[in-house]
Amino acid sequence: MLLAVVLLPFAAKPTNAAGQLTVTLSTDKQSYEAGQLITITGQVLDTNLQAVALASLSIQVNDPNAKTIHIASIISSVDGSFTDQFTIPVGSSNGSYTVFATASKTGYTDASSQIAYAVVPEFSTSDMAWLITLTIFLAILVTRRRKTATKRDIQ
Amino acid sequence: MHVRADGNESTTTTTMEESWTGVGDFVLKVDPPQHTVHLNEKSKNATYAVRVMALPGFEGEVELSLKGLPDESEYVFSREEGVPAPLFQSVLRVEVGHSTRPGQYNLTIIATSEGNGYHHEGDNHVEADDHSDSEITHEATVFLIVDGEPTTTGRHFEKRLEVRVATNADYVKGPNVEIFGKVYLRHGDSISDAMVSIEVLDPSGGTMPVSSTNTDKAGFFSKTFALAPNAMEGLYTVYVTASFAPYKDAVAKTTFTVGGSDAPSILITSITVTKTDDTIPSEFLAGETVVVWVTISNTGADLQNGMIWVEIIDSNDVPISVVVVIAAIHHGEQVKTGLQVVLGSDSPTGIYDVKSLVSNGEISKGGKFLDSEGTSFAVA
């Protein structure tokens, strides 16, 4: 029996000829208070560490309870860089927040990255005044105890 | 009779006294003709009723723009676009900043229609190859008087360049693809004569050359390019970069599909904000529920477990809420969904932004956004 082998042409499909993307991610500080502006920056690079312009960045920021508090879709600049900013809502939970980013561009394989930042309790002026008073009080207390201990040693 | 309109851009200036009668396309009216805002008062806003009346035979969509906004001020239309059938109404709300210089400002409201669906004189049908060539523009001017002493305290309205883009067909069968959009300042003036560079990536990531163009006086741009007869099937991505000194360049993208595609081709075709009773108010109040309606189409492969996100950003640029729903959007489907957000009882007044995005999963799990769209509303 003669088997006829028919070679069917394959439909042209997008390839990943340009390679794998890499995305870097950073925040302008490690910790923030509610009401402060957070700036997220990063860069999209290819396998040769060359900047990738016009890459799409998908950003999701989750709070310590994994609830999403911010999303953004931005496009990288000519030098592959991108920036996203938002103000941390007043009343935000304290703890560790995570910024997730996915970089994508036609012809490349997507890249993901994440970074964490902390939201810490806000110190008001009155809080600061209490803290200073408490520090002075403790300092005086320690000094007096030392003096008392020295007197005891002499006796 | 079939009439082609090549290079016919019609522009008229509508005065306050003009009646609703006339011939042609539509009539634009804005009332009242003048508003005064006092800088020393807590409430520093002015509202104008904008009405667009279609004249017999006109069936096109009309989009509203504004020029002449004072520095340090913002504006929002309760409805930025609509089809006058026969009446399309919107409310223009201008929020004047603390540091706005006192004086009289001429606000020019521009109503633009692409002319699609415009039937002139009975059976005559106007059809155009190019978006800008068939553009119909009407303008109305009202006055905004700002008095009092400006201060340097209070919120600074950051003006940044923004651009949005779409194509004439998300599923292209013909050889010509029309790319059009608008350049404007965030909550500010439309930008005329901005340079718009266009880049198209084919499904393999190859760049297709498309020359640049400039925006017209209402901030719109349009460019048509031809696909090769043997154009690769799949998802094409269009990037537009808008440049206008002294602002930082703005970039936006959209997609279209040629033939079949193994990737979803998602487009948010509309985003509107209503009350729970489906009405579009000129402003919301603190504590009220805002319903964001998002309409999405998919001309590519099925999107299983798609996620439709809405983020609300208050007038102080604080993201106050992110809501999400999961929905499958199959090939050829159009999905409309409403997401509710309750404004806090202590919500600041001003102009709020709404962002809607569609993703193929959680970004935290490697997903990505496939399209995004935005709108604004006022809180009084």
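Please read these numbers as outputs of a predicted model, since none were measured by experiment. Throughout, residues of each chain are indexed from 1 in the direction in which the sequence is written. Lettering of chains starts at A and numbering of ligands starts at 1, both following the order in which they are written. Only residues with pLDDT of 70 or above have their local features reported here, since the model is predicted, and side-chain atom pairs are shown and tallied only from 80 upward, although totals for entire chains, interfaces and linings are computed over all residues.

(A) Structural context of the overall build of chain B. Each helix corresponds to a stretch of at least 4 residues labelled H or I by DSSP, and each strand to a stretch of at least 2 residues labelled E; elements are numbered beginning at the N terminus. A count of helical and extended segments in chain B gives zero helices and 28 strands. Between the buried cut of 20 or more and the exposed cut of 12 or fewer other C-beta atoms within 10 Å of a residue's own C-beta lies the partly exposed class, and all C-beta atoms are placed from the backbone. A burial count over chain B gives 43% of its 380 residues as buried. Here the contacts in chain B between residues at least 6 apart in sequence split such that 71% fall between residues at least 24 apart. Contact definition: two residues whose C-beta atoms, as placed from backbone geometry, lie within 7 Å.

(B) Fine view of the overall build of chain A. Looking only at helices and strands, chain A features one helix and ten strands. Written out in order from the N terminus, the α and β elements of chain A read β-β-β-β-β-β-β-β-β-β-α. The contacts in chain A between residues at least 6 apart in sequence include a share of 66% that link residues at least 24 apart.

(C) Main features of the nonpolar core. As used throughout, a nonpolar core is a set of buried Ala, Val, Leu, Ile, Met, Phe, Trp, Tyr and Cys residues joined through C-beta atoms within 7 Å of each other. Ile59 of chain A together with Ile109, Val183, Val240 and Ala242 of chain B are the most contacted members of the largest nonpolar core, which has 115 residues in total. Per element, the largest residue contribution to this core is seven residues, and it comes from strand β24 (residues 303-313) of chain B. Leave out the neighbours within four places in its chain, and Val183 of chain B touches Leu161, Val163, Ile191, Ala194, Val196, Thr215, Gly219, Phe221, Ala242 and Phe244 of chain B.

(D) Structural context of the interface of chain A and chain B. The partner chain B presents 32 residues to the 30 residues of chain A that form the contact. Counting residues per element, the side of chain A that touches chain B draws most heavily on strand β6 (residues 68-75) of chain A, at six residues. In this classification, the charged set is Asp, Glu, Lys and Arg, the nonpolar set is Ala, Val, Leu, Ile, Met, Phe, Trp, Tyr, Cys and Pro, and all remaining amino acids, among them Gly, are polar. Here the residues of the side of chain A that touches chain B sort into 14 nonpolar, 14 polar and two charged.

(E) Quick look at the domain arrangement of chain B. Note that domain bounds follow an automatic or database assignment of domains. For chain B, the assigned domains read domain 1 (2-147), domain 2 (161-258) and domain 3 (266-379). The straight-line distance from the C-alpha centre of domain 2 of chain B to that of domain 3 of chain B is 24 Å.

(F) Expanded view of the domain arrangement of chain A. When the domains of chain A are assigned, the result is domain 1 (19-122) and domain 2 (123-155). Between the C-alpha centres of domain 1 of chain A and domain 2 of chain A there is a distance of 45 Å.

(G) Looking closely at the environment of Val177 of chain B. Position of Val177 of chain B among the secondary structure elements: in strand β16 (residues 176-185). With 109 residues separating them along the chain, Val177 of chain B and Ala286 of chain B place their C-alpha atoms 44 Å apart.

(H) Structural context of the sheet that holds strand β22 (residues 266-274) of chain B. Residue and element names in this part refer to chain B. Spatial ordering of the open sheet is given by β22-β23-β26, a layout of three strands whose pairing is antiparallel. A single partner strand is all that each edge strand has here, and the edge strands are β22 and β26 (334-342). Here the average twist between neighbouring strands, direction ignored, is 20°. A pair of strands is considered paired only if DSSP assigns at least 2 bridges between the two. With nine bridges joining them, strand β23 (residues 289-298) and β26 adopt antiparallel strand pairing. Following the sheet pairing, Val291 is matched in β26 by Gln340. Orientation is described by lines fitted to C-alpha atoms, with helices fitted over the stretch in contact, and by angles between N-to-C directions that extend from 0 to 180 degrees.

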